[in-house]
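Each chain, written out:
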Amino acid sequence: MRSLRDRGAGLARAISFARKAAFGPPPDFESAVREVQHIRSRVAREASHERDGLIDLKLGRGGLLDIEFLCQVLLIMHGGLAEAHADVGETPRAIAVLTAGGALSPEDGRTLQEAYAFLRLLELRVRVMRGDAAHVIEEGSVRLPSIARRMGMRDHPTMPAKARLLERYRS
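Quantities reported herein were computed from a predicted structural model and do not represent experimental measurements.

Cut-off values and rules
- Residues numbered from 1 in each chain as written.
- Predicted model: local features only at pLDDT ≥ 70, side-chain atom pairs only at ≥ 80, totals over all residues.
- Heavy atoms only, no water.
- Helix = DSSP H or I, 4+ residues; strand = E, 2+ residues; numbered from the N terminus.
- Contact = heavy atoms within 4.5 Å.
- Areas by Shrake-Rupley, 256 points an atom, 1.4 Å probe, with all protein chains shown as cover.
- Axes fitted to C-alpha atoms, helices over the stretch in contact; angles between N-to-C directions.
- Parallel < 35°, antiparallel > 145°, perpendicular 65-115°, else oblique.
- Left-handed = near helix turned anticlockwise from the far one by under 90°.
- Buried < 20%, exposed > 50% of the residue type's maximum accessible area, 1.4 Å probe, protein only.
- Arc of directions from axis to C-beta.
- Nonpolar A, V, L, I, M, F, W, Y, C, P; charged D, E, K, R; others polar.

Undergrad: Would you mind showing me how to read the overall build of the protein here?
TA: A count of helices and strands for the protein gives eight helices and two strands. In the protein, the order of α-helices and β-strands from amino to carboxyl end is α-α-β-α-α-α-α-β-α-α. Contacts in the protein between residues at least 24 apart in sequence constitute 48% of all its contacts with a sequence separation of at least 6. Looking at the protein as shown, the accessible area adds up to about 11,000 Å², and 54% of this sits on carbon and sulfur atoms.

And the structure:
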């Protein structure tokens, strides 16, 4: 029968191995980044509904998934940050950890937080207006002015609310 000391040493080795696997740099970092890029491209090609006149808030270019993938790549690059803050499963928390740890500049962190919050709120407004789980906006939709108003945007003599919404999305 193994002693408690032997079991404790074995457990410590197992924990050390698990930490390295979870939070250490991957054996081939460039390969890991290429794999993330490949997955992202495949999602855009096969799952995104984006095309001319149709914006996919979740899976389209510059959408929620891009912010989430960026955070995951940065967490791979800066594994110690993820290890120190094991609760980075939520994207806003991951952005905060990456910013506090210096992986993102304060300005970039703020921009990502604002973009993520804007896209999530817009996605929610679209779902409420449509009454389904949609995450797309049709630029010519009759619902677009109403969605813009629900986002707090009002018509202005120089720019209608729907144009302001689309401009904000693109920025």
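Undergrad: How should I be thinking about the packing of helix 3 (residues 64-77) against helix 5 (residues 91-100) in this particular structure?
TA: Between helix 3 and helix 5, whose axes approach to 10 Å, the crossing angle comes to 45°. Taken together, the axes of helix 3 and helix 5 are oblique relative to one another. The chirality of how helix 3 crosses helix 5 is left-handed. Contact with helix 3, carried on its side by Ile-67, Glu-68, Cys-71, Leu-74 and Leu-75, involves Thr-91, Ala-94, Ile-95 and Leu-98 of helix 5 and no other residues of that element.

Undergrad: What is the right way to read helix 8 (residues 161-170) from this model?
TA: Side chains of residues three or four places apart in an α-helix project in the same direction, reflecting 3.6 residues per turn. Among the residues of helix 8, Ala-161, Leu-165, Leu-166 and Tyr-169 are the ones counted as buried. Mapping the buried residues of helix 8 onto a view down its axis gives an arc of 140°, with all of them on the same face. The inward-facing, buried residues of helix 8 contact strand 1 (54-56), helix 6 (106-130) and helix 7 (144-150).

Undergrad: Just checking my understanding: could you explain the packing of helix 5 against helix 6 for this structure?
TA: How two helices sit against one another is set out by the angle between their axes and by the gap between those axes. The geometry of helix 5 relative to helix 6 is characterised by a closest axis approach of 9 Å and an angle of 175° between their N-to-C directions. With respect to helix 6, the element helix 5 is oriented roughly antiparallel. Across from Thr-91, Pro-92, Ile-95, Ala-96 and Thr-99 in helix 5, the residues of helix 6 making contact are Pro-106, Gly-109, Leu-112, Gln-113 and Tyr-116. A class-by-class count of the residues in the contact of helix 5 with helix 6 yields six nonpolar, four polar and no charged.

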